[in-house]
Amino acid sequence: MPGVHTPVDKHCGQPATVSVQARRYDRGVTAASHSRLVVAAAIVDDLDRPAQLLAARRSAPKSLAGQWEFAGGKVEEGEDDLDALRRELDEELGVSVELGDRIPGPAGGDWPILHGHAMRIWFARITDGTPEPLADHDALRWLPLENPFDVPWLEPDLPVVHAVRAIGRGNEFSD
Ligand SMILES: Nc1nc2c([nH]c(=O)n2[C@H]2C[C@H](O)[C@@H](COP(=O)(O)OP(=O)(O)OP(=O)(O)O)O2)c(=O)[nH]1
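Residues numbered from 1 in each chain as written. Predicted model: local features only at pLDDT ≥ 70, side-chain atom pairs only at ≥ 80, totals over all residues. Heavy atoms only, no water.

Under an unreviewed UniProt entry, the name given to the protein chain is 8-oxo-dGTP diphosphatase, and the source organism is Ruania alkalisoli. Annotation of the protein chain in UniProt includes, under Cofactor (unreviewed entry), the sentence "Mg(2+)". For the record of the protein chain, the UniProt heading Sequence similarities (unreviewed entry) holds the text "Belongs to the Nudix hydrolase family." (UniProt positions renumbered as here; feature names shortened; annotations may be inferred.)

J.: Could you give me a rundown of the overall build of the protein chain, with the residues and numbers involved?
T.: Broken down by element type, the protein chain carries three helices and eight strands. The order of α-helices and β-strands along the protein chain, N terminus first, is α-β-β-β-β-α-β-β-β-β-α. By the burial criterion, 47% of the 175 residues in the protein chain qualify as buried. Long-range pairs, those at least 24 residues apart, make up 70% of the contacts in the protein chain between residues at least 6 apart in sequence. Summing over all exposed atoms, the protein chain offers an accessible surface of approximately 8900 Å²; the carbon and sulfur share of this is 51%. (Helix = DSSP H or I, 4+ residues; strand = E, 2+ residues; numbered from the N terminus. Buried < 20%, exposed > 50% of the residue type's maximum accessible area, 1.4 Å probe, protein only. Contact = heavy atoms within 4.5 Å. Areas by Shrake-Rupley, 256 points an atom, 1.4 Å probe, with all protein chains shown as cover.)

J.: Explain the UniProt feature "domain: Nudix hydrolase" (unreviewed entry) in the protein chain to me, and be specific about the residues and the numbers.
T.: The UniProt record annotates "domain: Nudix hydrolase" (unreviewed entry) at residues 34-168. End C-alpha to end C-alpha, residues 34-168 measures 33 Å, and it is 18% helix and 36% strand.

J.: Let's hear about the site of the ligand: which residues, and what values?
T.: Every one of the 18 residues lining the ligand counts as a neighbour, but Arg58, Phe70, Lys74, His115 and Asp157 are closest to it. A distance of 3.3 Å is found between a nitrogen atom of the ligand and a side-chain nitrogen or oxygen belonging to glutamate 69. In this structure, an oxygen atom belonging to the ligand sits 3.3 Å away from a side-chain N or O atom of glutamate 88. Burial of the ligand by the protein amounts to 81% of the accessible area it has alone, namely 620 Å². (Near = heavy atom within 4 Å. Polar contact = N/O pair within 3.5 Å; in protein donor to acceptor, adjacent residues only side chain to side chain.)

J.: Break down helix α2 (residues 81-93) for me, citing the residues and quoting the values.
T.: End to end, α2 covers 18 Å across 13 residues, agreeing with the expected 18 Å (1.5 Å per residue, within 8%). Where α2 is concerned, the buried positions are Asp81, Leu82, Ala84, Leu85, Glu88, Leu89, Glu92 and Leu93. Down the axis of α2, the smallest arc covering the buried residues is 150°, so these residues share one side. Two or three places before leucine 82, at the opening of α2, aspartate 80 has a side-chain oxygen 3.0 Å from that residue's backbone nitrogen. Trailing α2 by a residue or two, glycine 94 shows a phi angle of about 75°, which is positive. (Expected span 1.5 Å × (residues − 1). Arc of directions from axis to C-beta.)

J.: So, the pattern of salt bridges: which residues are in play, and what are the values?
T.: Within the structure shown, the criterion is met by ten salt bridges. Put simply, glutamate 76 and arginine 36 hold a salt bridge, and the shortest N to O gap is 4.0 Å. Residue glutamate 76 is found in the loop between β4 (71-74) and α2, and its partner arginine 36 is found in the loop between α1 (16-33) and β1 (37-43); the two are separated by 40 residues along the sequence. When its relative accessible area of 30% is taken as the criterion, arginine 36 is described as partly exposed. We note a salt bridge from arginine 58 to glutamate 69, for which the minimum N-O separation is 2.7 Å. Residue arginine 58 is located in strand β2 (residues 52-58), and its partner glutamate 69 is located in strand β3 (residues 68-69); the two are separated by eleven residues in the primary sequence. Both residues of the pair, arginine 58 and glutamate 69, belong to the buried class. Salt bridges here are not isolated pairs; linked through shared partners, they connect Glu79, Arg87, Glu88 and Glu91. (Salt bridge = Lys/Arg side-chain N within 4 Å of Asp/Glu carboxyl O.)

Here is the structure:
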């Protein structure tokens, strides 16, 4: 069924065992390599029938500037992952959101991204505010979910974009 907000649990819309495993994984990675948990949002125009995906162009650091990503950022020490996501979306875009399902990465966990970090990402729909590139970005763009590849995404985000597209189009196993 199309739609990306089947309410299953309050955190990620996935069975509780999945998020428990992901948390264990994060602790292991953090201890081993100073990598961090990054939380992000695949902001779509509609959680039931998403047709557009919001991408953000990084303005820093120089090595990443000009490449596109999902809005979000690092979870601070002791911070809840969803609190961190809401904080980042407010700081970076000036919006509040309704969260949809988590987008499961390899083995149902988090996605490997740059610098050994791990990204946990949810579908989201803006409920308050008009998104603007307030911090860390210098441009925003709504991309058609049918073909969201018209911008140079950060390389590790490409599999995530494929998953977002497949799930969002109700066609998880076609990509
Ligand atoms: N926000 C975000 N970061 C991503 C994505 N893909 C990806 O590889 N990353 C990497 C880039 C960075 O190394 C790291 C996130 O760092 P960040 O600079 O956005 O975090 P932050 O807003 O908390 O900022 P700071 O604490 O580093 O100043 O994750 C993505 O789609 N969104």
